[in-house]
Amino acid sequence: MTTARTNVPNSLRVAAAAAVASALAAGCGSVNTTYTRDRPADTAVDARTRVNDLLQQIFLSAKEVRMFRNSQGVMEVQVDVENNGFKYRSFSYLFDWVDARGNVIPSQLSVWKTTNVPDGGSTVIRAVAPNEEAADFRLQIRRSD
Amino acid sequence: MHHALRTARSAVRTLAPAALLALAAPACERARYIETGSPEGIISVGEVDMQDILRASSGMLESLIETGVLKTAKNKPAELVIDQVVNDTSSRFSVDELTYRMREQLVNSGQAAVVTTYGQTPEDKTAQDLLRRQAFLKGERASQMPDPDFSLSGKITQVKRSAGDTKQVSYTFRLTLTNIRTGLESWTKTVSMTKVGNKPAVGF
């Protein structure tokens, strides 16, 4: 009895092998994330859409943006950043703080910081205001990979 | 016809090496200004970069502000003495790059005052001498001299590892605020950063 061999072109075989290798490589270091909270936090603010627009330009997304006065009466912002893609991402961010009149408060706290999010993973970027006068924030994001 | 062909061949022979040289030469980058601490700056694996120092000072300040430790001082604003911050890394840089940024933020915003006339090796010897002279002439006691609340000290350390050509360095900046009246640690913070690679690179 002879075994019937399918007549697949070599180029197709190579392409298939490359696709499998690439899929396996993409799985290296990927992270799975789950949340137990299913409702927005009390401190969530409606800036999520705007922050999300910013993050989507570098293929990331904002799950939630929280802003609150901490126990010392100083504003703090936290942004949950998710990477739902298949690539490890690095980005830099800079929070500036503005007072109630909309003026930027210059400070040594506002510096560029770089962070990474593995595929499927998430991170929290946060910043603390330099003083009690801060009422709102401005966020800048740029790719670093 | 033959003459034109010969001229074309000769031109190719002359230009080809020049073109190859141009391709082989490293890309020329003109000097330009960038924002200090920007991700566009050079990232070195075996050195503490400006981005690292700025990130550390920002992290320290955030922690100082969010814990409110300076508000617990007897003096208003809190009076600080800057003690030794030791650079225990193989990277050569001045720790003043870190402490002066922190001082600028705390002093100029009125959250703390740095005492520069304290101790045996004061930062400002002239001011200390004048202060002592004035106190002596007025007949005041040592209690009239600055009475700081906290002393700031710290250390910057590194952990280096490598695998083949790839190097990895973790730098840890740690600062401690000691309550001078009790001798106890009132606040401490570490800020770490890890870099991996085999050669310096220009960020973007």
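**Notes on the sheet that holds strand β2 (residues 78-88) of chain B**
All names here are of chain B.
Item 1. Pairing is mixed across the open sheet formed by five strands, whose spatial order is β3-β2-β4-β5-β6. For this open sheet the edge positions go to β3 (112-114) and β6 (184-197), each flanked by a neighbour on one side alone. Between one strand axis and the next, the sheet turns by 30° as a mean value, whatever way the strands run.
Item 2. Bridge count between β2 and β3: three bridges; the pairing is parallel. In the strand pairing of β3, A78 is matched with A112.
Item 3. Against the sheet, helix α2 (residues 50-67) touches β5 (166-179) and β6, its axis set at about 150° to β6.
Item 4. Together, β2, β3 and β5 form the strand contacts of helix α3 (residues 96-108), whose direction differs from that of β3 by roughly 130°.

**Regarding the environment of I58 of chain A**
All names here are of chain A.
Item 1. Along the chain, the position of I58 falls in the loop between α2 (48-56) and β1 (61-69).
Item 2. What makes I58 buried here is its relative accessible area of 9%.
Item 3. The spacing of I58 and S144 is 86 residues in sequence and 9.7 Å in space, taken between C-alpha atoms.

**Looking at the interface of chain B and chain A**
Item 1. Opposite the 20 residues of chain B that make contact, chain A presents 23 residues.
Item 2. Carbon and sulfur atoms make up 47% of the area that chain B and chain A hide from each other, which totals about 1900 Å².
Item 3. Applying the counting criterion to the chain B and chain A interface returns four salt bridges.
Item 4. E132 of chain A is paired through a salt bridge with K71 of chain B; the nearest N and O atoms lie 3.3 Å apart.
Item 5. For the pair chain B and chain A, the interface holds 12 residue pairs in polar contact (both at pLDDT 80 or more).
Item 6. Breaking the side of chain B that touches chain A down by element, the ones donating at least two residues are α2 and α3 of chain B.
Item 7. Partitioned by chemical class, the residues of the side of chain B that touches chain A number five nonpolar, seven polar and eight charged.

**Side note on empty space enclosed by the protein**
Item 1. Here the structure, examined in full by the defined rule, presents two cavities of 30 Å³ or more.
Item 2. Volume-wise, the largest cavity comes out at about 60 Å³.
Item 3. Lining the largest cavity, in full, are Y93, F95, W97, L109, S110, V111, K113, R126, A127 and V128 of chain A together with E62 of chain B.
Item 4. For the lining of the largest cavity, the secondary-structure elements that each account for two or more residues are β3 (89-99) and β6 (122-128) of chain A.
Item 5. Of the voids in this model, the second largest cavity is the one considered here, and its volume is about 30 Å³.
Item 6. Of all elements in the fold, only β2 and α3 of chain B reach the threshold of two or more residues within the lining of the second largest cavity.
Item 7. Broken down by element, the residue count for the lining of the second largest cavity peaks at four residues, all from α3 of chain B.
Item 8. Its residues placed into classes, the lining of the second largest cavity shows six nonpolar, one polar and one charged.

**Examining α2 of chain B**
Each turn of an α-helix holds 3.6 residues, which means side chains three or four residues apart point in the same direction.
Residue and element names in this part refer to chain B.
Item 1. In this model, α2 (18 residues) spans 26 Å end to end at C-alpha, consistent with the 26 Å of a helix rising 1.5 Å per residue.
Item 2. Among the 18 residues of α2, 14 are classified as buried, and the element is accordingly described as predominantly covered.
Item 3. Once α2 finishes, G68 follows within two positions and takes phi at roughly 70°, a positive value.

**A few points about the confidence of the model for chain A**
Detailed reading of the predicted model is not advised wherever pLDDT is low.
Item 1. Confidence in the prediction of chain A, expressed as mean pLDDT, is 85, and 81% of residues score 70 or more.
Item 2. For chain A, helix α1 (residues 10-27) of chain A is the element with the lowest average pLDDT, namely 58, and β6 of chain A is the one with the highest, namely 97.

**Regarding the environment of A129 of chain A**
Item 1. Along the chain, the position of A129 of chain A falls in the loop between β6 and β7 (134-143).
Item 2. The exposure class assigned to A129 of chain A is buried, which follows from its relative accessible area of 0%.
Item 3. It is 6.3 Å that separates the C-alpha atoms of A129 of chain A and W97 of chain A, two residues lying 32 residues apart in sequence.
Item 4. With near-sequence residues (within four places) excluded, A129 of chain A lies in contact with V74, M75, W97, L109 and A134 of chain A together with I65 of chain B.

What counts and how
- Residues numbered from 1 in each chain as written.
- Chains lettered and ligands numbered in written order.
- Predicted model: local features only at pLDDT ≥ 70, side-chain atom pairs only at ≥ 80, totals over all residues.
- Heavy atoms only, no water.
- Pairing = 2+ DSSP bridges.
- Helix = DSSP H or I, 4+ residues; strand = E, 2+ residues; numbered from the N terminus.
- Axes fitted to C-alpha atoms, helices over the stretch in contact; angles between N-to-C directions.
- Contact = heavy atoms within 4.5 Å.
- Buried < 20%, exposed > 50% of the residue type's maximum accessible area, 1.4 Å probe, protein only.
- Buried area = accessible area lost by both parts, 1.4 Å probe.
- Salt bridge = Lys/Arg side-chain N within 4 Å of Asp/Glu carboxyl O.
- Polar contact = N/O pair within 3.5 Å; in protein donor to acceptor, adjacent residues only side chain to side chain.
- Nonpolar A, V, L, I, M, F, W, Y, C, P; charged D, E, K, R; others polar.
- 1 Å grid on protein atoms, 1.4 Å probe; cavity = no way out; pocket = protein on both sides within 12 Å on 5 of 7 lines; lining within 4 Å.
- Points joined across faces, edges and corners; volume = space filled by probe spheres on them.
- Expected span 1.5 Å × (residues − 1).
- pLDDT = per-residue confidence, 0-100.

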